[in-house]
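Chain by chain, the residues:
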Amino acid sequence: MEINLQKRFWEIDFLRGIAIIMMVLYHLLYNLHYFAHYNVNVYSGFWMYFARTTATIFIFLVGVSLSISFSRAKHLSSRVTMETKLFLKYLRRGLKVFSWGLIITSITWVFLREGFVIFGILHLIGISIILAYPFLKLRYWNLLIGLFCIFIGAYLKSFVFNFCWLSWLGFRPAKFYTVDYFPLLPWFGVVLIGIFFGNLFYPDYSRKFQLADFSSLSGVKMLCFLGKHSLLIYLLHQPIIIAVLYLFGIAKVSLF
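Residues numbered from 1 in each chain as written. Predicted model: local features only at pLDDT ≥ 70, side-chain atom pairs only at ≥ 80, totals over all residues. Heavy atoms only, no water.

A.B. asks: Just give me the short version of the side chain of Thr54, but keep the residues and values in it.
C.D. replies: Mapped onto the elements of the fold, Thr54 is located in helix α2 (residues 45–76). Beyond its immediate chain neighbours, meaning those up to four positions away, Thr54 contacts Ala19, Met22 and Met23. (Helix = DSSP H or I, 4+ residues; strand = E, 2+ residues; numbered from the N terminus. Contact = heavy atoms within 4.5 Å.)

Written out as structure tokens, the structure reads:
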């Protein structure tokens, strides 16, 4: 059977679109709490787990999408050229996302100062795209290594350290505060688990399970559209939310 290498798996975009809606909702509540001092507990309880679930979906789908991209590339290039081309492709993509993370760091340093983003979700995704390359050929090992990364990350969370230069890895220094923190341990483990399930359910760039096609439904189309443009929405939604709150007099935003 001929494989359509131009197709997208609508369910991946759909899930990412759901995560986008969840992210915007959480950040709306977070901004109401942070800038307008609304009594919304975004740091614990339901909304904390809501935020962690949202991030987990995003990061898990990074791994799934990488495995699908790798599977597609195997059909487009010879083995020799694929190795070099794919590594350069993931290197460029990872550096692009990481660069956006650095821009977020700069902007939050100007606007927030205390709590500015040091190693947030874009930093994580950018580095993970690069680091994931040698793992794309693995299958069950990704599940084991991923679970090990999560275990080590959970273990490190119980400690504080007197240095900050490994905070990106998961060694949290004392009195550490940032509004967006996703260290490689444990979160790279979620990427690896995503790669495992991507290889399991989408090998050879084909879906290995039965799924009805709901992609023509208007609601599904909308969510898939959001999922396809998740990076752009991520970059724009916070300034838009803050601007709207500011214009309606709900929040007061100051540079200093």
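A.B. asks: Account for the nonpolar core, naming residues and giving values.
C.D. replies: The biggest cluster of nonpolar side chains holds 43 residues, and the ones touching the most others in it are Ile59, Leu66, Tyr90 and Ile121. Mapped onto this core, the elements with two or more residues apiece are α1 (10–34), α2, α3 (79–111), α4 (121–131), α5 (140–156), α6 (184–201), α7 (218–228) and α8 (230–247). Excluding residues that lie within four positions of it along the chain, Ile59 makes contacts with Ile121, Leu124, Phe182, Trp187, Val190 and Val191. By size, the runner-up hydrophobic cluster in this structure holds 8 residues, among which are Tyr26, Leu29, Val40 and Val42. (Core = buried A, V, L, I, M, F, W, Y, C linked by side-chain atoms within 4.5 Å. Buried < 20%, exposed > 50% of the residue type's maximum accessible area, 1.4 Å probe, protein only.)

A.B. asks: Hey, could you go over the packing of aromatic side chains for me, with residue numbers and the actual values?
C.D. replies: Under the defined criterion, the tally for this structure stands at 27 aromatic pairs. Where Trp10 meets Phe14, the ring centres are 6.0 Å apart and the plane angle is 65°; that geometry is what we call edge-to-face. Of this pair, Trp10 and Phe14 both sit in helix α1, 4 residues apart, which is roughly one turn of that helix. Taking 5.9 Å as the distance between ring centres and 35° as the angle between the ring planes, the aromatic pair formed by Phe46 and Phe50 counts as tilted. (Phe/Tyr/Trp six-rings, centres within 6.5 Å; stacked < 30°, edge-to-face > 60°.)

A.B. asks: Outline unusual backbone geometry, supporting the account with residue identities and numerical values.
C.D. replies: A cis amide bond links Leu185 with the next residue in sequence, Pro186, at an omega value of 20°. Mapped onto the elements, Pro186 comes out in helix α6. Phi at His37 takes a positive value of approximately 60°, unusual for a residue other than glycine. Relative to the helices and strands, His37 resides in the loop between α1 and α2. What makes His37 exposed here is its relative accessible area of 68%.

A.B. asks: Any details on the pattern of salt bridges? Residues and values, ideally.
C.D. replies: Tallied over the full model, the rule gives 3 salt bridges. As a salt-bridge pair, Asp13 and Arg8 come within 2.8 Å of each other at their nearest N and O atoms. The salt bridge partner of Arg16 is Asp13, with a shortest N-O separation of 3.2 Å. With Arg16 and Asp13 both in helix α1, this residue pair falls 3 residues apart, about one helical turn. For the pair formed by Arg16 and Asp13, the shared burial category is buried. Each of Arg8, Asp13 and Arg16 takes part in one network of salt bridges that share partners. (Salt bridge = Lys/Arg side-chain N within 4 Å of Asp/Glu carboxyl O.)

A.B. asks: Provide a residue-level description of the layout of surface pockets, including the pertinent values.
C.D. replies: Regions of empty space are outlined by a rolling probe, equal in size to a water molecule, passed over the atoms. Quantified by volume, the largest pocket comes out at close to 1,500 Å³. Around the largest pocket, the lining comprises 50 residues; the ones closest to its centre are His27, Val179, Asp180, Tyr181 and Phe182. Of the residues forming the lining of the largest pocket, the biggest block, 8 residues, is contributed by α8. The residue makeup of the lining of the largest pocket, split by class, is 37 nonpolar, 9 polar and 4 charged. The calculated volume of the second largest pocket comes to roughly 960 Å³. What lines the second largest pocket is a set of 31 residues, and nearest its centre among them are Arg8, Arg16, Ser65, Arg93 and Ser230. Among the elements that take part in the lining of the second largest pocket, α2 stands out by supplying 8 residues, more than any other. (1 Å grid on protein atoms, 1.4 Å probe; cavity = no way out; pocket = protein on both sides within 12 Å on 5 of 7 lines; lining within 4 Å. Points joined across faces, edges and corners; volume = space filled by probe spheres on them. Nonpolar A, V, L, I, M, F, W, Y, C, P; charged D, E, K, R; others polar.)

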